[in-house]
Amino acid sequence: MAAGYLDILRARHAARLLTGTLVGRLPSGTAHIAIVLFTRAEGGSYTQAGALAAAYGLATAVGQPLLGRAVDLYGQPRIQFPAAVLSALGMSLLALVGLGTLPLAYLSVIVAGLFTPPLEGGLRALWPSVLGREDRVHRAYAMDAVAQEVMFTVGPLLVTVLVSLWSPAAALLVINAIGVLGALSVVLSEPSRAWRSAPREAHWLGALRSPGLLALLGAFFFVGLALGSITVAGVAYADDHGRESVYGWLMAALGLGALIGGATYGARQWAGAPERRLRVIVALLALGYLPLMLTPSVPVMTALAALAGVFLAPAIACSFIVVDRHAPRGTVTEAFSWLVTTFGVGAAAGTAAAGPAVELGGTAWSFAVAGAGGVAALVVLLATGRVLADPGRTTAVVTGSENDRNGAVEPGFSSGHKA
């Protein structure tokens, strides 16, 4: 298992790009918990915390595809780094002004979300030019998903440590300063500076003119909803048990489960259509969320959180391949940014719904939001199976070209493209 990942990391620039992207995404990966803890420390309610986190998520949802399209048109360095700086300034403003002036607080999180750099989509645009072969690109997708779970495991723990040592405001400032350094590392790399998107057909819808991509985004909206609701539900569960550290352990267990699942998924080559496999993975993901509604003792809940996370990274890794197969030519970063956007909107909806759910029905109800999100994602994939079965692209592509990454397919599966 490890040998395949080490082979990727030994490729020139690969380790730097992966590390820089993960560090650069640390602010967005921890924003929801950082905002919730900051709001609670300032005396705000769960509903107010959920609303601020939702505003951040919605702003991210708006900004990601716009910035992604700009990256496809103008390149990575001219967009990614300035966006990272502006996003960090937005969060810094929140840390400095607090909740005393609510309109300013909302403006701060909106600026931070709107200018969150599309580093995630940018990395996937770079993999073919860095790695070359289809099988290595496929494994890089899985490794990427696993590495994200490391970030989502370490990130919440880092936030809680910073909060314990200093304050929620200090946590916001430190996390965002680190994020800017990560983005800088990426855009100064040779692959990022050299990369150019493939020629694209002029169309105002861009990547969204693909029916299959729209179906996938519809499903992953509900996956995002599930994850967003767990952010608030986990804090409520920790409050019920009188220990703030319980939240960090729950999120770490969720990330650990996803890390194990993703590492196992990426260790083998999969035959067959990824769309069919994605339905099975999402069904198992939904099944894992449902027991969280039982809210048992902390040790049992931690084990359930780890189990719930096992199929998250495989679902994300498989979705990358599906995006590749359905995104129109020349919409590389934009297509993946729409996936991030879908998560952002879903997470915003989940945080917004989970806050009132806690106050109306208790912690169990907020975890029920997560279970409902997983089930709804499966329903969408089942309902759109025919659309997803047809990638609908006939343009020949060259895998490994820095100008076109849409050729990456899973080993063992014929894409149907003619050379």
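Residues numbered from 1 in each chain as written. Predicted model: local features only at pLDDT ≥ 70, side-chain atom pairs only at ≥ 80, totals over all residues. Heavy atoms only, no water.

Caption draft 1: Local environment of the overall build of the chain. The number of helices and strands found in the chain is 18 helices and zero strands. Of all 419 residues assigned to the chain, the portion counted as buried reaches 59%. The contacts of the chain with a sequence gap of at least 6 include a subset with a gap of at least 24, amounting to 84%. Summed over all atoms, the accessible surface of the chain reaches about 15,300 Å², with 68% contributed by carbon and sulfur. (Helix = DSSP H or I, 4+ residues; strand = E, 2+ residues; numbered from the N terminus. Buried < 20%, exposed > 50% of the residue type's maximum accessible area, 1.4 Å probe, protein only. Contact = heavy atoms within 4.5 Å. Areas by Shrake-Rupley, 256 points an atom, 1.4 Å probe, with all protein chains shown as cover.)

Caption draft 2: Representation of the environment of L172. Tracing the backbone shows L172 in helix 9 (residues 168-187). When its relative accessible area of 2% is taken as the criterion, L172 is described as buried. Placed 141 residues apart in sequence, L172 and A31 show a C-alpha to C-alpha distance of 8.2 Å. Non-local contacts of L172, meaning those with residues more than four positions away in its chain, are made with A34, F38, M91, L94 and A95.

Caption draft 3: Looking closely at the packing of helix 4 (residues 46-74) against helix 5 (residues 77-97). Here helix 4 crosses helix 5 at 160°, and the two axes come no closer than 9 Å. One way to sum up the angle between helix 4 and helix 5 is to call them roughly antiparallel. For the pair helix 4 and helix 5, the sense of crossing is right-handed. Along the contact surface, helix 4 presents Y56, L67, A70, V71 and Y74, while helix 5 presents R78, I79, Q80, A83 and M91. (Axes fitted to C-alpha atoms, helices over the stretch in contact; angles between N-to-C directions. Parallel < 35°, antiparallel > 145°, perpendicular 65-115°, else oblique. Left-handed = near helix turned anticlockwise from the far one by under 90°.)

Caption draft 4: Highlighting a nonpolar patch on the surface. Taken together, the side chains of V280, L284, L287, L290, M293, V375 and V379 present a nonpolar region at the surface, about 560 Å² in accessible area. Elements that contribute at least two residues to the nonpolar patch include exactly helix 13 (274-289) and helix 17 (363-383). Counting residues per element, the nonpolar patch draws most heavily on helix 13, which supplies three residues. Within the fold, M293 resides in the loop between helix 13 and helix 14 (298-309). (Patch = residues over 30% accessible without salt bridge, like charges linked within 9 Å, V, L, I, M, F, W, Y side chains within 5 Å. Salt bridge = Lys/Arg side-chain N within 4 Å of Asp/Glu carboxyl O.)

Caption draft 5: Region of the structure containing the packing of aromatic side chains. Tallied over the full model, the rule gives five aromatic pairs. When the centroid spacing of 4.9 Å and the interplanar angle of 85° are considered together, the rings of F221 and F222 count as edge-to-face. Ring centres 5.2 Å apart and planes at 20° place the aromatic pair Y265 and W270 in the stacked group. Among the residues examined, W270 registers a relative accessible area of 21% and is labelled partly exposed. These aromatic residues form a ring-pair network of at least three members: Y141, F320 and F336. (Phe/Tyr/Trp six-rings, centres within 6.5 Å; stacked < 30°, edge-to-face > 60°.)

Caption draft 6: Unusual backbone geometry, seen in detail. One non-glycine residue, H13, lies in positive phi territory at about 80°. Locating H13 in the fold gives a position in the loop between helix 1 (2-9) and helix 2 (14-24). One non-glycine residue, T295, lies in the positive phi region at around 40°. Within the element layout of this structure, T295 appears in the loop between helix 13 and helix 14. Here T295 falls in the partly exposed class, since its relative accessible area comes to 25%.

Caption draft 7: Expanded view of the nonpolar core. Ranked by size, the top nonpolar core spans 113 residues in total, and within it W127 and F220 carry the most contacts. Among the elements that take part in this core, helix 11 (residues 211-240) stands out by supplying 13 residues, more than any other. Sequence-distant contacts of W127, that is, excluding residues within four places in its chain, are made with A14, L18, G132, V137, A140, Y141, M143 and D144. (Core = buried A, V, L, I, M, F, W, Y, C linked by side-chain atoms within 4.5 Å.)

Caption draft 8: The arrangement of the pattern of salt bridges in detail. Applying the stated criterion to the full structure yields eight salt bridges. Residue R69 pairs with E334 through a salt bridge whose shortest N-O separation is 2.9 Å. Here R69, found in helix 4, pairs with E334, found in helix 16 (residues 332-361); they are 265 residues apart in sequence, far enough to count as distant. Classification of R69 by relative accessible area gives partly exposed; the value is 24%. E275 serves as the salt-bridge partner of R325, at 2.9 Å between the closest nitrogen and oxygen. With a gap of 50 residues between them, R325 in helix 15 (residues 312-326) and E275 in helix 13 connect regions that are remote in the sequence. The same class applies to R325 and to E275, which are both buried. Overlapping salt bridges bring together R25, E120, R124 and D144 as one network.

Caption draft 9: Focus on the environment of V174. Tracing the backbone shows V174 in helix 9. Between the alpha carbons of V174 and L162 there is a distance of 8.4 Å; along the sequence they are twelve residues apart.

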